[in-house]
Each structure stands twice: as C-alpha cells, then as structure tokens.
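Now for the letters of each chain:
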Amino acid sequence: MSLLTPAARDAALALAPDELPCYIYDLSALRQHVTAIRAALPQAVELYYAAKANPEPEILRTLAPFTDGFEVSSGGELAHVRSAVQGPLAFGGPGKTPDEIVAALTAGVERFHVESLHELRLLARAASRHHVGSATRPRVLIRFNPPVTASALHGSALAMGGRPTPFGMDPAQAAQALSLFVDGELPELELVGLHAHLASGLGAEAQLALAEEVVAEAMRLAARCGVRLRELTVGGGMGVDYSRPAERFDWSSFGAGMARIAERHPGPVLRIEPGRALTAYCGWYATEVLDVKRSHGEDFAVVRGGTHHLRTPAAKGHEQPAEVLAVERWPHPLPRPVAQGSRVTFTGQLCTPKDVLARDVPAPGIRAGDRAVFALAGAYAWNISHHDFLMHPPPGFRFLHPRETDTAG
Ligand SMILES: *Cc1c(COP(=O)(O)O)cnc(C)c1O
C-alpha cells in the first residue's frame, strides 16, 4: 500500500527539483480523517486540537469546523491561533509569564489550564487588576498529575505524568487549589474543572484505561474537596505508529469506550485534546536523492534537505516511513549513481551522523535523481526542527485544497 494519497503523489512528482524539498499537505485527506474521528466520538465528548502538533493556518482552518476548540501552549501560539481561526481556546503549558497571562486575559481566552499554585495566584492577581467583570471571569481548569497504574501507561512513548514531572499539580496541591475556590479566596476566577495530559503514543485500549483512571481520580478529588466538576479534559496522546503507518489509532473503539466512561461518570463534559494523531497522516516531506554511495558495505541515499527540516525521526529515534518515486529524467552528462544493495539508509545534507531520516529501507536500484517522500510528516515535523543549522535553504510548502466538489461529510 502506498504511503501517499494520489494527490500527494502527483504533487511530489510535479514539483521541479529546485522546488524540493517541499512539505506537502493533503487538506482533503485531513478533512476526511477528522470527519471520521468526529463521527467515532460520542456527541458529548468535546474535541480540541493541540495546536503545537502543527499550527499551520491552513491546517487549523481545515480542522476548525470539526473541532470544539484549540489548545495553545504559549502566548505566541495563542496570538497565532486566535488570528487564524475562530473557536474557543484553552491556554495550557508550564511557565506562563505574567505578560502572557495578561495578553491571554486581554484576548478573552476561554479557558486557562493552570499548572501550579503560583500560576493560579498570578492569574487571580492579573484578573483582579485587569478589572474583568464577574460575568466574564476567566474560566480555570486545574491541571493535575494523578498517580496512575503502570498498566495504564504501558506502551506510552512519552510520559508527562503519573511520575515526577514539571507538568500540573500533585493531588495534594490540586486539592489545595480547589480549596482556594471553595473557601472563596479566588472570587476573580471561575473554577470549571480539571485537566490532565499524562502520556502520548498510546493505542486505543491503553488510552481508554488511562482516561478511565484519570476520570475516576478527578471525580474522587472533586468529591473530597466539595466541588462540582463541569468539565474534565483527559488529554491527548493518541498514538501514531511510525513503524506500521497503515495501522491507525482505533477511534471507533476509543469513542465507544469514552461513551461508557461518560455513562459511568455523569456530570462533567469530557474533552480530549489530541495533536499528533489528527495531523500526522496528512503531511509528507518530499525531496530528491542527490547522491547514492556505498560505505563499508552499506548503501546511503543522500537527499536534499534533512533532519533540520524533519527532525521527527532524530527526536523520536524512529525510522520515518519512506517511499521512493522513480524519476527517469537524469539531466547530467555523468554516470548516474545507483544503489548496489536492496536496502538504503536515507541521510540529509547535515555534517552530523545524526542526520538520518530512515535506516534500512527497501529501495533496490534507487538512483540519484529519484524522489524520496517521507510520510507521517504532518505533526511535530517542520515546527520542531532546528531550521538554521548549517544554513541550507528552507523547504517549500504546498497545501492541496479540497476540491469544490468534495463534501464535508
Ligand atoms: C502536546 C500536548 C497535547 C497533544 O499531545 P499529542 O501527543 O500530540 O496528542 C495535548 N495536551 C497537552 C497539554 C500537550 O502538552
């Protein structure tokens, strides 16, 4: 099965060599994907998109009609997302500065995910100084970091919680935060609920087990403190399997499981805030093979660009799924470099052995001048990369828009 949609393949082949490398985004495929996700989730579960996964305005605009809001994690993301799309924003992330908090209040951010007691006090002070009327008190979700069983975190690629981390509050601190509201010490803020984001890279079954534990812990904590939870965010972290790109997160069983959790715990609106699993599949990093060489018995294909544009495989320590598109044209009056073996390692133009996009890829007969396209590059790809290292030119960006005749559903 191809790693590319037909539109992405056409685009990758149509680009001229000097337009490569290029990020290609299939917005039609993205719209289909998010439509299916929305359909798999129970009506009562809200879907926010974690903008840090890929904040390109075209991506945000494509997602907006199918999402209930956006999670932003800095003042920069907040201003960017606010100007790109409409819809409620939840402002999360550790180390919010007083200036960011004031900017968020001024922008009328719909929700704050508060990470610490100090941050809660900063927010309360900023809210009282900025004379926010009681009708529009800033809404607060306390981010908490409950203990969870190892089985719930099993298989997680990145654990943000359930252990010592800089994120959120321990149950005792979270209880203290809730008590401040109960005791009437934070009249300038409105407590609406709790928030947790504990792990990423989980399959549907593990994600559900984790959500179940988070919801149960949240209900216990709220009951103990005598507060009524109106909203409960259980985080993102739905897995993307880079080694098996055809196998996607099972949104149907996750949605059915969330419906069961909502039934068992009536009251709060449940919300999820995935990033990676929404946008990873709609993006590709397309480039050309500049050189093919053999080193100590192994073949290397050196591509135009590298991990300064697509850091994901270096950052996560995986092989980025790759597909070769053969190009017959060879413009140079020179012998064409060709692989001797059946497998190659794709490397970029950086002078570091870490500049590896994918190892041991089946690519018999790959030649200089062929195209290499790296899939699952729609999330945590361009925007987490170290663009300026070695001063190569930036990639191009192509957004393939849904045709007018496509329907939204
Ligand atoms: C990064 C992040 C997310 C999204 O995580 P994914 O693994 O991309 O789904 C959600 N919530 C918070 C608080 C985050 O920091």
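Keep in mind the model is a prediction, meaning the values are calculated, not measured. (Residues numbered from 1 in each chain as written. Predicted model: local features only at pLDDT ≥ 70, side-chain atom pairs only at ≥ 80, totals over all residues. Heavy atoms only, no water.)

### A few points about the side chain of R271
No. 1: Residue placement: R271 occurs in strand β11 (residues 269–272).
No. 2: Within the structure, the side chain of R271 is placed 3.2 Å from the side chain of T233, a separation counted as a polar contact.
No. 3: Residues within four places of R271 in sequence aside, it is in contact with E46, Y48, R111, L141, E231, L232, T233, V234 and G235. (Helix = DSSP H or I, 4+ residues; strand = E, 2+ residues; numbered from the N terminus. Polar contact = N/O pair within 3.5 Å; in protein donor to acceptor, adjacent residues only side chain to side chain. Contact = heavy atoms within 4.5 Å.)

### Examining the environment of R264
No. 1: Tracing the chain through its elements places R264 in helix α10 (residues 251–264).
No. 2: When its relative accessible area of 47% is taken as the criterion, R264 is described as partly exposed.
No. 3: Considering only alpha carbons, one finds R264 and E212, 52 residues apart in sequence, at a separation of 9.7 Å. (Buried < 20%, exposed > 50% of the residue type's maximum accessible area, 1.4 Å probe, protein only.)

### Re the packing of helix α9 (residues 204–225) against α10
No. 1: Where α9 contacts α10, the two axes come as close as 9 Å, and the packing angle between them is 15 degrees. Classified by the angle their axes make, α9 and α10 are roughly parallel. Between α9 and α10 lies a crossing whose hand is right-handed. Across the interface between the two elements, A204, Q207, L208, A211, E212 and V215 of α9 pack against S253, F254, G257, M258, I261 and R264 of α10.
No. 2: Split into classes, the residues belonging to the contact of α9 with α10 amount to seven nonpolar, three polar and two charged. (Axes fitted to C-alpha atoms, helices over the stretch in contact; angles between N-to-C directions. Parallel < 35°, antiparallel > 145°, perpendicular 65-115°, else oblique. Left-handed = near helix turned anticlockwise from the far one by under 90°. Nonpolar A, V, L, I, M, F, W, Y, C, P; charged D, E, K, R; others polar.)

### Brief notes about the site of the ligand
No. 1: Looking at the ligand, there are 14 residues lining it, with K52, G237, E273, R276 and Y380 nearest.
No. 2: Between a nitrogen atom of the ligand and a side-chain N or O atom of E273, the distance comes to 2.7 Å. (Near = heavy atom within 4 Å.)

### Observations concerning the packing of aromatic side chains
We describe a pair of aromatic rings using the distance from one ring centre to the other and the angle between the two ring planes.
No. 1: Summed over the entire model, instances satisfying the criterion amount to 13 aromatic pairs.
No. 2: Seen in terms of ring centroids, Y23 and Y25 are 6.0 Å apart; in terms of plane orientation they differ by 10 degrees. Their pairing is stacked. No difference in accessibility class separates Y23 from Y25, as the two residues are buried.
No. 3: Ring centres of F346 and F374 lie 5.4 Å apart, and the angle between their planes is 90 degrees; this geometry places the pair in the edge-to-face category. (Phe/Tyr/Trp six-rings, centres within 6.5 Å; stacked < 30°, edge-to-face > 60°.)

### Some words on the environment of H386
No. 1: In this fold, H386 is placed in the loop between β17 (371–374) and β18 (396–400).
No. 2: Judged by relative accessible area, which is 30%, H386 ranks as partly exposed.
No. 3: With near-sequence residues (within four places) excluded, H386 lies in contact with T307, H308, R311 and L350.

### A look at the packing of helix α8 (residues 171–182) against α9
No. 1: Interhelical geometry of α8 versus α9 gives an angle of 45 degrees and a closest axis separation of 9 Å. Considering the angle they form, α8 stands oblique to α9. Our pair here, α8 against α9, has a crossing hand that is right-handed. Counted together, P171, A174, A175, L178 and V182 of α8 and L221, A222 and C225 of α9 form the full contact between these two elements.

### Description of the domain arrangement of the chain
No. 1: Along its sequence, the chain is organised into domain 1 (55–274) and domain 2 (281–407).
No. 2: Just the C-alpha atoms count here: the centres of domain 1 and domain 2 sit 36 Å apart.
No. 3: On the domain 2 side, the residues contacting the twelve residues of domain 1 number 14 residues.
No. 4: Our count for the domain 1 to domain 2 interface comes out at zero salt bridges.
No. 5: At the junction of domain 1 with domain 2, the criterion picks out one residue pair in polar contact (both at pLDDT 80 or more).
No. 6: Within the side of domain 1 that touches domain 2, the residues separate by chemical class into six nonpolar, one polar and five charged. (Domains from an automatic or database assignment. Salt bridge = Lys/Arg side-chain N within 4 Å of Asp/Glu carboxyl O.)

### Considerations on the pairing of strand β6 (residues 139–143)
No. 1: For β6, a buried count of four out of five residues is recorded, marking the element as mostly surrounded by other parts of the structure.
No. 2: The pairing of strand β5 (residues 111–114) with β6 spans four bridges and is classified as parallel. Bridged to V114 within β6 is I142.
No. 3: Relative to strand β8 (residues 190–195), β6 runs parallel, the two sharing five bridges. The residue bridging R143 from the neighbouring strand is H195, located in β8. (Pairing = 2+ DSSP bridges.)

### Points about the nonpolar core
No. 1: Membership of the largest hydrophobic core comes to 123 residues, with the highest contact counts inside it found for L120, I142, F254, M258, I272 and F346.
No. 2: Looking at which element gives the most residues to this core, the answer is α9, with eleven residues.
No. 3: Looking at which domains feed residues into this core, each of domain 1 (55–274) and domain 2 (281–407) gives three or more.
No. 4: Not counting chain neighbours up to four residues away, the residues in contact with L120 comprise V114, V140, I142, A177, L180, F181, L186 and L189. (Core = buried A, V, L, I, M, F, W, Y, C linked by side-chain atoms within 4.5 Å.)

### Observations concerning unusual backbone geometry
No. 1: Here L20 and P21 are connected by a cis peptide whose omega angle stands at -5 degrees.
No. 2: Of note, P21 is situated in the loop between α1 (6–14) and β1 (22–26).
No. 3: If you check the backbone angles, D360 has positive phi at about 60 degrees while not being a glycine.
No. 4: Within the secondary structure layout, D360 lies in strand β16 (residues 356–362).
No. 5: Overall, D360 belongs to the partly exposed group, its relative accessible area being 49%.
No. 6: In this model, L390 sits at a positive phi of 80 degrees, which is unusual for a non-glycine residue.
No. 7: With respect to the helices and strands, L390 occurs in the loop between β17 and β18.
No. 8: On the basis of relative accessible area, L390 is assigned to the partly exposed category, the value being 32%.

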